[in-house]
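Report on the structure
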Amino acid sequence: MSVDYSKVHELVIVGSGPAGYTAGVYAARAQLSPVLYEGSVTAGGALMNTTEVENFPGFEHGIMGPDLMDQMRKQALRFGTQLVTDDITEMKLDGEIKTLVDGSGNTLKARAVILAMGSAYNIRNNSPMRMPQDWV
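No experiment lies behind these values; they were computed from the predicted model shown. (Residues numbered from 1 in each chain as written. Predicted model: local features only at pLDDT ≥ 70, side-chain atom pairs only at ≥ 80, totals over all residues. Heavy atoms only, no water.)

**Section: the overall build of the chain**
The condition is simple: Every helix listed is a DSSP run of H or I at least four residues long, and every strand listed is a run of E at least two residues long, numbered separately from the N terminus. Residue burial is assigned from relative accessible area. The probe radius is 1.4 Å, only protein chains are included, and a residue is buried under 20% of its type maximum, exposed over 50%, and partly exposed in between. Should any heavy atoms of two residues lie within 4.5 Å, those residues are considered in contact. Working definition of accessibility: Shrake-Rupley area with a 1.4 Å probe, residue cover restricted to the visible protein chains.
Across its full length, the chain carries two helices and ten strands. When its helices and strands are written in sequence order, the chain yields β-α-β-β-β-α-β-β-β-β-β-β. The burial tally for the chain puts 33% of its 136 residues in the buried class. In the chain, of all internal contacts separated by at least 6 residues, the share reaching a separation of at least 24 is 52%. Per element, the accessible surface of the chain, about 8,500 Å² overall, is 49% carbon and sulfur.

Spelled out as structure tokens, the structure:
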């Protein structure tokens, strides 16, 4: 299933850790046809580099981080989340229609965007990336 770059999507999710894939599952179940950008290198987030995850609900004896992320990814796909293995390089989140540009130069428009970029410290132009107060 390929992404239709000519239409305005209901929801785009940026990030593929537990929060991103969970958002994808719930949004797809709500029939919002979400598009989720996994990242070009780091799909699955920080848990891909984690051994045993002992505190995730539903796994009495724990689960390996990569196994958990694989299961979450498959569940998001099962419900219809469109996954794109690329990075978002530019975002314009003001206004009713949000605009995102990915690493391949594709422009995507959406009514809503969920930023689920995880626990890594993000630096842009040698300064911490800060979200404007009206995004929160």
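**Some thoughts on the environment of D87**
What counts is decided by this rule: Two N or O atoms form a polar contact when they lie within 3.5 Å of each other; inside protein one atom must be a possible hydrogen donor and the other a possible acceptor, and for residues adjacent in sequence the pair counts only when both atoms belong to side chains.
Among the secondary structure elements, D87 is positioned in the loop between β5 (82-84) and β6 (88-92). Setting aside residues no more than four positions away along its own chain, D87 makes contact with Y37, G39, S40, V101, D102 and G103. A polar contact is formed between the side chain of D87 and the side chain of S40, at a distance of 2.6 Å.

**Observations regarding the pattern of salt bridges**
For clarity, the cut-off: Here, a salt bridge means any Lys or Arg side-chain nitrogen found within 4 Å of an Asp or Glu carboxyl oxygen.
Across all of its chains, the model carries four salt bridges by this definition. Where E10 meets R111, a salt bridge forms, and the shortest distance between an N and an O atom there is 3.0 Å. One end of the pair, E10, is in strand β1 (residues 8-14); the other, R111, is in strand β8 (residues 107-115), and 101 residues separate them in sequence. Residue classification places R111 among the partly exposed residues on the basis of a relative accessible area of 42%.

**A short note on the sheet that holds β6**
For clarity, the threshold we go by: DSSP calls a pair of strands paired once it identifies at least 2 bridges connecting them. The axes used here are C-alpha line fits, helices contributing only the stretch in contact, and every angle between their N-to-C directions lies in the interval 0 to 180 degrees.
On the basis of which strands lie adjacent, the open sheet formed by six strands has the order β5-β2-β1-β8-β7-β6 and mixed pairing. At either end of the open sheet lies a strand with only one pairing partner, and these are β5 and β6. Strand-to-strand twist of the sheet, defined as the mean angle between neighbouring strand axes without regard to direction, takes the value 40°. Here β6 runs beside strand β7 (residues 98-102); their pairing, made up of four bridges, is antiparallel. Bridge assignment links M91 to a residue of β7, and that residue is L100. Lying over the sheet, helix α1 (residues 18-29) contacts β1, β2 (35-37), β5 and β8, oriented at roughly 150° with respect to β1.

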